[in-house]
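# Structural description and commentary
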Amino acid sequence: MITRLLSIQYVRLKRQKILYLFFVVMAVVIISNALECAGSSEEGGMGYYAGGRFPTMCMQSYIDIIGTLFLSFISAVLICGEKASGMFQQPLLNGVSKKQLLIAKTVSIFTVALICFLFVAIVSIGTGFFLWGSHIFDDVREYSLQMILLAFPQITMVLFFVFLSLYMSNIPGMMCASLIILLVNNLLSQFFGSYISFIDFMYYLYAFSGYNGMKLTGKIIISGIVVNIITGMVLVYGIRRRTNHMTM
């Protein structure tokens, strides 16, 4: 049953072409960044990311606003939109529970997040190799570690958007709430990072990607993993509780 529900979600996303739109937008951003890096001196801000640091720059562009808002939109379409249409009150398939439907939607969002992240990684490395040759692999250990660590806040982010979607009544409301949360969190992460790092999983989107020159230390890695695991467990509990209390 879950497999059948998953196929329905993927078909719906494919019909809306929103994933293809993301690919186009992100590819343009990556190529634009690459050309700007190639045309800047190493002492300049953009020139610093030329060569082996370029994939790191692309990851930062992705997690900063574009990728995060895109995942918010996917969550809004798959959950808020169907809440408004009565999908959770009157399942389209006989024998489908709210829990099964939500699991299928959450897995779909996880899959989209993985595809988007791999797309950014592959295209950034490919574009960097075209411009700088083998120098794109000079810092491969550093950005590979960053990519692995970013999986933790990315997973937590998906759970957060699923949780938020269950409380929002429509897609515009979900998008506005997500944008406000991201902007406020960005400011807090830059100016009060030492205070919120113990409770805010979003902080590690920036810390793990080296945003604004943040140093990746052992303490940050351990605290980031712990904070994201605990937050993820809390969100899973909140999602289950909200699902159980939704009216039929």
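Residues numbered from 1 in each chain as written. Predicted model: local features only at pLDDT ≥ 70, side-chain atom pairs only at ≥ 80, totals over all residues. Heavy atoms only, no water.

Once that is clear, we can look at the packing of aromatic side chains. Inspection of every chain in the model, using the stated rule, returns 13 aromatic pairs. Each ring, one from Tyr62 and one from Phe117, has its centre 6.0 Å from the other, and the planes form 65 degrees; the classification is edge-to-face. Within this pair, whereas Tyr62 is found in helix H3 (residues 54-84), its partner Phe117 is found in helix H4 (residues 98-132), the two being separated by 55 residues in sequence. In this pair, the class of Tyr62 matches that of Phe117, namely buried. For the ring pair Phe160 and Phe201, a centre distance of 5.9 Å and an interplane angle of 55 degrees mean the geometry is tilted. Placement of Phe160 in helix H5 (residues 140-165) and of Phe201 in the loop between helix H7 (193-196) and helix H8 (203-207) is noted, with a sequence separation of 41 residues between them. The class for Phe201 is buried, based on a relative accessible area of 6%. Ring-pair connections join several aromatic residues into one group, and the members of that group are Phe22, Phe23, Tyr62, Phe70, Phe117 and Phe119. The positively charged end of Arg242 is found above the aromatic ring belonging to Tyr167, 4.5 Å away from the centroid. (Phe/Tyr/Trp six-rings, centres within 6.5 Å; stacked < 30°, edge-to-face > 60°. Helix = DSSP H or I, 4+ residues; strand = E, 2+ residues; numbered from the N terminus. Buried < 20%, exposed > 50% of the residue type's maximum accessible area, 1.4 Å probe, protein only. Lys NZ or Arg CZ within 6 Å of the ring centre and 35° of its normal.)

Once that is clear, we can look at a nonpolar patch on the surface. A cluster of nonpolar side chains, contributed by Ile180, Val184, Leu187, Leu188, Phe191, Phe192 and Tyr195, occupies part of the molecular surface with about 770 Å² of accessible area. Ranked by the residues each element gives to the nonpolar patch, the list is headed by helix H6 (residues 171-191), at five residues. (Patch = residues over 30% accessible without salt bridge, like charges linked within 9 Å, V, L, I, M, F, W, Y side chains within 5 Å. Areas by Shrake-Rupley, 256 points an atom, 1.4 Å probe, with all protein chains shown as cover. Salt bridge = Lys/Arg side-chain N within 4 Å of Asp/Glu carboxyl O.)

With that settled, the discussion passes to helix H2 (residues 18-38). Taking 1.5 Å per residue as the helical rise, H2 with its 21 residues ought to reach 30 Å, and the 30 Å between its terminal C-alpha atoms agrees with that figure. Of all the positions in H2, only Ile18, Leu19, Phe22, Phe23, Met26, Ile30, Asn33, Ala34 and Cys37 are classed as buried. With its buried residues spanning 140 degrees around the axis, H2 presents them on a single face. Residues Leu21, Val24, Val28 and Leu35 are exposed on H2 and point more than 90 degrees away from its buried face. (Expected span 1.5 Å × (residues − 1). Arc of directions from axis to C-beta.)

Relative to the helices and strands, Thr106 is located in helix H4. On the basis of relative accessibility, which here comes to 12%, the residue Thr106 falls in the buried class. With 28 residues separating them in the primary sequence, Thr106 and Leu78 have C-alpha atoms 8.9 Å apart. Setting aside chain neighbours within four positions, we find Thr106 in contact with Val158, Leu159 and Val162. (Contact = heavy atoms within 4.5 Å.)

Moving on, we come to the packing of H4 against helix H9 (residues 218-245). At their nearest, the axes of H4 and H9 sit 10 Å apart, and the two run at 140 degrees to each other. When the interaxial angle is binned, H4 and H9 end up oblique. Classified by chirality, the crossing of H9 by H4 is right-handed. On H9, the residues that touch Lys98, Lys99 and Leu102 of H4 are Ile239, Thr243 and Asn244. (Axes fitted to C-alpha atoms, helices over the stretch in contact; angles between N-to-C directions. Parallel < 35°, antiparallel > 145°, perpendicular 65-115°, else oblique. Left-handed = near helix turned anticlockwise from the far one by under 90°.)

This part covers the nonpolar core. Among the nonpolar cores identified, the biggest contains 66 residues, and Phe22, Phe54 and Tyr62 are the most heavily contacted of them. Of all the secondary-structure elements, those providing two or more residues to this core are H2, H3, H4, H5, H6, H8 and H9. Of the residues forming this core, the biggest block, 14 residues, is contributed by H3. (Core = buried A, V, L, I, M, F, W, Y, C linked by side-chain atoms within 4.5 Å.)

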